[in-house]
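Descriptive structure summary
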Amino acid sequence: MFLRLLYDDTLAQASYLIGCDGSGEALVVDPNRDIGRYLDLARREGFRVTHVTETHIHADFVSGSRELAQRTGARLYLSGMGGPDWRYRFAEEAHAVVLEDGARFRVGAIEVSVRHTPGHTPEHLMFLVTDTKSGRDPMGALTGDFIFVGDVGRPDLLERAARQQGTMDASARQLFASLRRCRDLPDYLQIWPGHGAGSSCGKSLGAVPQSTLGYERRTNWAFAIEDEDEFVRRVLEGQPDPPRYFANMKRINRDGPPLRSASPSIQRLPPDQLASALAEGAVVDTRTAQEYGRGAVRGTINIPANRAFTSWAGWLLPYDKDIYLITGTNGEESAAEIAKDLSGIGLDRVVGFFDAAGLNGRSTDGTLQTIPSIDAASIEKAAAEGGLAVVDVRTPGEWKTGHLPWARHVPLGDLPDRVGDLPKDRPIVVHCQAGGRAAIAASLLLARGFSDVRIFSGGFSEWKSAGKAVSHDP
């Protein structure tokens, strides 16, 4: 048996290719939209992709299962569990095999057993993998968003992302039952999860790519709790806010992601098209916060092209408008990679990019704008005198650990909907924990008409280290 983990750092997402050396057949589990990587791996290793499946309807990326099956002629296997609201609506059209609890299928000499594990989502499946040439017992489990290294899948997404009110408690209890149902499985069983550290599908995922069931039983908090009510309380406590694009992903992946004939293409645009781009679509400056602060085009949104880019893009960019990029060095190469990342979460309307160096001061009013920084001492003096407004854009969990005495809490993901709550009659200082999110927030406020926006780049970390006063909500 051949097994290879393919990990996407921008999504903190794992997919797997499992091949049978004897037959040359291969199964791909939880592919994302970048299907070329699976085709390339199979070709290099001498396999044919003959089976494609996924553990559940994904919320954080556009699934590549339908497209990969269509491209290769592979048989598509999809969950039939979870009730009518969580059935794949394209299953019949795609001639998919609908999987029920207890089903089995083979990939050459590899047997895959299906176990329904609801909780994270109603239709969620776990796949037990047995190399029948080596023995009759499963060697590993593809757990998707059910069991992670050090954590379990969050059961609150139906309510908080898909807006199905009153489902969190019931989903948490289903998750508890699914964990208890694993008691018959051996300690040596390898755990191959669908996400790693940095994913929003859990709250404390480990950075190790795989584990064993025995190790998780010893170290994973979820296995240590025997009382169902206590488990429900713990698993729902402190979950991060789900990015708002999660609801779109659920709908797209349930109804059937659009098939593409090729990877997205992107063209370099001349600077004189910047004004029309700002008027008609969303212009994203993908440079670092420092570069953006030294020369910001008013009306653009600064989302640096780092590991958090895809998540914040899903929070803040529109799905119903064209998207334009501003890039720094290696413009064409960077733009193509960014467009691919955006396509991975369904933002397919990237039509072109501008080289930052070629803008030459162009903006809606003909000049580039610098965004001033402010230090802790200046904030302390001016805020105490009422001379500025302080906006903390950290998460609710971070806010609860302490905050600046005068700060107003507006999490970054909520900022576009709450700009009307902020004053325009005095300077606004934005900050986060250490500076990265503050630059994004500053760009959003400038794009919405705020004229005097400053960044406390050191953030709450610097404030606390300096021994400044910290407030805690009761």
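All of the points below concern the structure found in this document.

About the cut-offs
Residues numbered from 1 in each chain as written. Predicted model: local features only at pLDDT ≥ 70, side-chain atom pairs only at ≥ 80, totals over all residues. Heavy atoms only, no water. Helix = DSSP H or I, 4+ residues; strand = E, 2+ residues; numbered from the N terminus. Rg over C-alpha atoms; globule rule 2.2 N^0.38 Å. Buried < 20%, exposed > 50% of the residue type's maximum accessible area, 1.4 Å probe, protein only. Phe/Tyr/Trp six-rings, centres within 6.5 Å; stacked < 30°, edge-to-face > 60°. Lys NZ or Arg CZ within 6 Å of the ring centre and 35° of its normal. Contact = heavy atoms within 4.5 Å. Pairing = 2+ DSSP bridges. Axes fitted to C-alpha atoms, helices over the stretch in contact; angles between N-to-C directions.

What about the overall build of the protein?
In terms of regular secondary structure, the protein is built from 16 helices and 21 strands. For 474 residues, the compact-globule estimate of 2.2 N^0.38 gives 23 Å, and the protein sits close to it at 24 Å. Seen through its C-alpha atoms, the protein measures out along the principal axes to roughly 70 × 55 × 35 Å. Split into buried and exposed, the 474 residues of the protein put 55% on the buried side.

Structural notes on the packing of aromatic side chains
The geometry of an aromatic ring pair is captured by the separation of the ring centres together with the interplanar angle, meaning the angle of the planes. Applying the stated rule across the entire model yields 10 aromatic pairs. Between Tyr 77 and Phe 105, the ring centres sit 4.2 Å apart and the planes meet at 15°, which makes this aromatic pair stacked. Placement of Tyr 77 in strand β5 (residues 75-79) and of Phe 105 in strand β7 (residues 104-107) is noted, with a sequence separation of 28 residues between them. Judged by its relative accessible area of 6%, Phe 105 is buried. Chaining the aromatic ring pairs together yields one cluster made of Phe 176, Trp 221 and Phe 231. Across from the ring centre of Phe 460, 4.3 Å away, lies the NZ or CZ of Arg 394, which sits over that ring.

Describing the environment of Asp 156
Residue placement: Asp 156 occurs in the loop between β10 (140-144) and α3 (157-160). For the pair Asp 156 and His 120, spaced 36 residues apart in the sequence, the C-alpha separation amounts to 7.5 Å. Setting aside residues no more than four positions away along its own chain, Asp 156 makes contact with Ala 161, Met 168, Leu 236 and Gln 239.

A short note on the sheet that holds strand β16 (residues 323-327)
Read across the open sheet, the 5 strands follow the order β13-β17-β16-β14-β15; overall the sheet is parallel. Both edges of this open sheet fall to β13 (267-268) and β15 (301-302), since each of them pairs with a single strand only.

Comments concerning the sheet that holds strand β21 (residues 453-455)
If you trace the 4 strands from one edge of the open sheet to the other, you get β19-β18-β20-β21, paired in parallel fashion. Taken across any chain shown, the strands that pair with only one partner, and hence form the sheet edges, are β19 (407-409) and β21. Within the sheet, the average angular offset between the axes of one strand and its neighbour, ignoring direction, is 30°. One ladder, built from 3 bridges, connects strand β20 (residues 428-431) with β21; its direction is parallel. Looking across to β21, one finds that Ile 428 is bridged to Val 453.

Honestly, that's just the spatial picture; any functional story needs more than this.
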